[in-house]
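Now for the letters of each chain:
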Amino acid sequence: MSGAGPRLAVFPTRMALTAMKNRLNGAQTGHSLLKRKSEALTRRFREIVKKIDEAKRKMGKVMQVASFSYAEVKYSTGDIGYQVRESAKSAQLKVRAKTENVSGVQLPAFDMYIDGQNAFELTGLGRGGQQVQKCKDTYAKACEVLVELASLQTAFVILDEVIKVTNRRVNAIEHVIIPRIENTIRWITSELDEQDREEFFRLKKVQNKKKVVRDENDRAREAVEGGATADNAPSNILSQYDIDEDVIFR
């Protein structure tokens, strides 16, 4: 059956057919745009996954170096934790956030920067100054990698959710909306064709009926005209007199 399957509840008119065709074009355009958006987000998602893997490997190496550096500091200068806590008044390493637009999706990006002067200039002045400076630089590098990893992980979570939503929309348009509109267009077209056939059959019946009536009228008119012609024909003037009997002379 033409138009079988789920369809929209509309009246089968030519205006509805035009509206359905416009909706079908819009749905196809939206499907194409969302498909390209999904592909772009997926490509960026794979790049982020690759960067996360590299950042985690880098983070493991940096933290390993930082742990050894801190062990060297403790070996050379002893425990300097209390000195650090006394010297720290405000954070020197700070993080600022910015956004990056990827196919209409705002992804946060974190950037680390140094604000203020070095609060630990005198730490390790008596002994182990070189080890303390090396440990500080190593942990600063670890913080930088950690901020980068946090930025990538946040973008990973957001992109994962957006890709799922976009793919659901693409599948809904491709497998639900577009087939429903196409079924509606086929059904309207079938109904309009049926209406055209019914109208054509009705017109033929009307024409045949008019032809029969016209023929009957023509025959009646011909009969009337034939009768009038017979009545108006000239008669024999001698027929009005009586026929006399024959006279016999003897």
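Just so we're clear, the structure is a prediction, and the values are computed from it rather than from any experiment.

### Observations regarding the overall build of the chain
Secondary structure summary: the chain contains three helices and two strands in total. Secondary structure elements of the chain, listed N to C terminal, follow the sequence α-α-β-β-α. Sequence separation of at least 24 residues holds for 80% of the intrachain contacts in the chain that already meet a minimum separation of 6. With the model as given, the accessible surface of the chain reaches about 18,700 Å², and the carbon-plus-sulfur share is 54%.

### Some words on the pattern of salt bridges
If you walk through the whole model with that rule in mind, you get eight salt bridges. One salt bridge in this structure joins aspartate 218 and arginine 221, with 2.4 Å as the shortest N-O distance. Here arginine 221 and aspartate 218 lie together in helix 3 (residues 129-231), a separation of three residues that amounts to about one turn. The exposure class of aspartate 218 is partly exposed, given its relative accessible area of 27%. In this structure arginine 221 comes out as partly exposed when scored by relative accessible area, which is 43%.

### Description of the pairing of strand 2 (residues 105-114)
Put simply, side chains in a regular strand alternate between the two faces of the sheet. Bridge analysis of strand 1 (residues 93-102) against strand 2 gives 10 bridges, and the strand direction is antiparallel. Each residue of the ladder has a partner; that of leucine 93, found in strand 2, is isoleucine 114.

### Points about the environment of isoleucine 163
By the secondary structure assignment, isoleucine 163 is in helix 3. Along the backbone, isoleucine 163 and alanine 40 are 123 residues apart, and their C-alpha atoms lie at a distance of 9.7 Å. Beyond its immediate stretch of four places on either side in the chain, isoleucine 163 contacts Leu41, Thr42 and Phe45.

### Regarding the side chain of serine 151
Position of serine 151 relative to the elements: it lies in helix 3. Residue class for serine 151 comes out buried when judged on its relative accessible area of 11%. One polar contact links the side chain of serine 151 to the main-chain amide nitrogen of phenylalanine 110, over a distance of 3.3 Å. When neighbours within four sequence positions are excluded, serine 151 is seen to be in contact with Pro108, Ala109 and Phe110.

### A few points about the side chain of serine 69
Of note, serine 69 is situated in helix 1 (residues 14-77). Of the residues examined, serine 69 reaches a relative accessible area of 2% and is grouped as buried. The contact partners of serine 69, leaving out residues within four places of it in the chain, are Gln131, Lys134, Cys135 and Thr138.

### Details of the confidence of the model for the chain
Per-residue confidence for the chain gives a mean pLDDT of 80; residues scoring 70 or more make up 79%. Ranking the elements of the chain by mean pLDDT puts helix 2 (residues 81-87) last with 65 and helix 1 first with 88.

### Some remarks on unusual backbone geometry
Although it is not a glycine, serine 103 sits at a positive phi angle of roughly 55 degrees. Structurally, the position occupied by serine 103 is in the loop between strand 1 and strand 2.

### Some words on the nonpolar core
By size, the foremost hydrophobic cluster in this structure holds 15 residues, and its most contacted members are Ile181, Ile185 and Ile188. Mapped by element, the contributors of at least two residues to this core are helix 1 and helix 3. Contact partners of isoleucine 188, with chain neighbours within four places excluded, come to Val10, Phe11, Pro12, Thr13, Ala16, Leu17 and Met20. Of all hydrophobic cores here, the second largest spans 13 residues; its members include Leu41, Ile52, Leu149 and Leu152.

### So, the environment of lysine 37
Mapped onto the elements, lysine 37 comes out in helix 1. Under the relative-accessibility criterion, lysine 37 is labelled partly exposed at 23%. C-alpha of lysine 37 to C-alpha of glycine 104: the two residues are 67 residues apart in sequence and 8.5 Å apart in space. With sequence-adjacent residues up to four places away left out, lysine 37 is seen in contact with Ser103, Val105 and Thr166.

Rules and cut-offs
Residues numbered from 1 in each chain as written. Predicted model: local features only at pLDDT ≥ 70, side-chain atom pairs only at ≥ 80, totals over all residues. Heavy atoms only, no water. Helix = DSSP H or I, 4+ residues; strand = E, 2+ residues; numbered from the N terminus. Contact = heavy atoms within 4.5 Å. Areas by Shrake-Rupley, 256 points an atom, 1.4 Å probe, with all protein chains shown as cover. Salt bridge = Lys/Arg side-chain N within 4 Å of Asp/Glu carboxyl O. Buried < 20%, exposed > 50% of the residue type's maximum accessible area, 1.4 Å probe, protein only. Pairing = 2+ DSSP bridges. Polar contact = N/O pair within 3.5 Å; in protein donor to acceptor, adjacent residues only side chain to side chain. pLDDT = per-residue confidence, 0-100. Core = buried A, V, L, I, M, F, W, Y, C linked by side-chain atoms within 4.5 Å.

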